[in-house]
Amino acid sequence: MRVLLSPPPATAPHVLMSADAVGGVWQYSLDLAAGLVRRGLAVTVAVLGPAPADARISAAERDTGARIVATGLPLDWTAGTPDAVLDAARALADLARACGADRVHLHSPALALAAFPVPVAAVCHSCVATWWDAVETGPLPADLAWRQDLTVRGCRAADALLAPTRAHALATARVCGLARPPVVVRNGRDPSGLPPRAAAPVAFTAGRLWDRAKNSAALDRLAARLSVPLRAAGSVDGPNGARVETRHLQRLGRLDDAGIAAELAGRPVFVSLARYEPFGLAVLEAAAAGCALVLSNIPSFRELWDGAAAFVDADDDEAAAGAVRGLLDDPVRREAAGQAAATHAAQYGVAPMVEGVLGVLRGLGAGAPARLGGAAA
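Fair warning: this is a prediction, and the values are worked out from it, not measured in the lab. (Residues numbered from 1 in each chain as written. Predicted model: local features only at pLDDT ≥ 70, side-chain atom pairs only at ≥ 80, totals over all residues. Heavy atoms only, no water.)

Peer 1: Let's hear about the overall build of the chain: which residues, and what values?
Peer 2: Within the chain, the regular secondary structure consists of 13 helices and 13 strands. By the compact-globule yardstick of 21 Å for 377 residues, the chain fits well, its C-alpha radius of gyration being 20 Å. If you line up the chain on its principal axes, its C-alpha atoms span 60 × 50 × 40 Å. Out of the 377 residues in the chain, the part that is buried amounts to 54%. Counted over contacts in the chain with a minimum sequence separation of 6, partners at least 24 positions apart contribute 69%. Accessible surface, the chain as shown: approximately 15800 Å² in total, 52% of it carbon and sulfur. Averaged over its 36 positive side-chain charges, the chain has a centre that lies 3 Å from the centre of its 36 negative ones. (Helix = DSSP H or I, 4+ residues; strand = E, 2+ residues; numbered from the N terminus. Rg over C-alpha atoms; globule rule 2.2 N^0.38 Å. Buried < 20%, exposed > 50% of the residue type's maximum accessible area, 1.4 Å probe, protein only. Contact = heavy atoms within 4.5 Å. Areas by Shrake-Rupley, 256 points an atom, 1.4 Å probe, with all protein chains shown as cover. Lys, Arg positive; Asp, Glu negative; His and termini not counted. Charge placed at Lys NZ, Arg CZ, Asp CG, Glu CD.)

What follows is the structure, encoded as structure tokens:
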């Protein structure tokens, strides 16, 4: 939906945000930027990593009222060296000076490792150490260890830290050795507004299929057990060279917002068997559309969706198949589960997210501890 906005006054407070256009951080950043602009702030969004197409950037600027800059700077999790991340942080600090920012909102704590001219809030959307802790075993390999070192240093350099769930805040504090966990501001999405259709006899999943944390192998095994398609939106190739092969998923490729909304309008049974998911915007979008949810039994999903989803062990193929079949075979139960998910999703809207972030930024401006009000867990 296009947001019609007047340019903010020249005296409006100015926030520089960094963003990653590869995954859910992109949608989070656009929703947050639009919300801040609606509250009278000027916003510049600096995109790191692979840049969206020019047409996509132009559309995002129209929809949000923010200025969006493709910087060409590397993401902390794909950069080749520590110096590349530190150089990116310094470039963002220079951009903050050049655009006259009053506050900086970073999508990665590692980017806080520069001499920013104004207070910095950093969001712990995810990190390699919490990812590794949930997905792998043994010590971090060298290529991830230096990235985690930068994250830890960045967490200590930032003026405020945020996380999208209490589960992830606690995990971040534990693996990073922080004295206190980040402040919780839950992510938010508003319903697409697309009218629902008759419930389609399919299951659906969406996300970065190439990411081992998404457990695409288990999704593929689930698809083999179902008599209906398990449709999967998302890329099988990652910007870090990761790739996943599947045989049974009905792969749809990467869909834009309209494509995802069209899939969800049919209210498929939505499945996520992730081993690691700090929040899960795809789950929220599905719930808001009235989809019944089958989710892996991990702390963040339990925190957000307890009482509104069926939970199974991430690698219990029989339980996952039974949960999906049970919903598909019982229309009344499926409808009730979808309504429960939609009711639960209503508390995770964009407005509470924007208010939570504003509370943090204003707290920095007043020199007071960040406070969340109603946005806290």
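Peer 1: How would you explain helix 4 (residues 128-135) if you had to name every residue and give the values?
Peer 2: Across the eight residues that make up helix 4, a large majority, six, are buried. Those residues of helix 4 not exposed but buried are Val128, Ala129, Thr130, Trp131, Trp132 and Val135. As for helix 4, its buried residues are in contact with helix 5 (142-157) and helix 6 (166-176).

Peer 1: How would you explain the packing of aromatic side chains if you had to name every residue and give the values?
Peer 2: Scanning the entire structure with this criterion turns up five aromatic pairs. Taking 5.5 Å as the distance between ring centres and 80° as the angle between the ring planes, the aromatic pair formed by Trp305 and Tyr348 counts as edge-to-face. With Trp305 in helix 10 (residues 299-305) and Tyr348 in the loop between helix 12 (331-345) and helix 13 (350-365), this pair connects stretches of sequence that are 43 residues apart. Assigned by exposure class, Trp305 and Tyr348 land together as buried. Ring-pair connections join several aromatic residues into one group, and the members of that group are Phe279, Trp305 and Tyr348. Here the basic side chain of Arg208 rests over the ring of Trp77, its NZ or CZ set 5.6 Å away from the ring centre. Lying over the aromatic face of Phe311, Arg302 brings its terminal NZ or CZ to 4.0 Å of the ring centre. (Phe/Tyr/Trp six-rings, centres within 6.5 Å; stacked < 30°, edge-to-face > 60°. Lys NZ or Arg CZ within 6 Å of the ring centre and 35° of its normal.)

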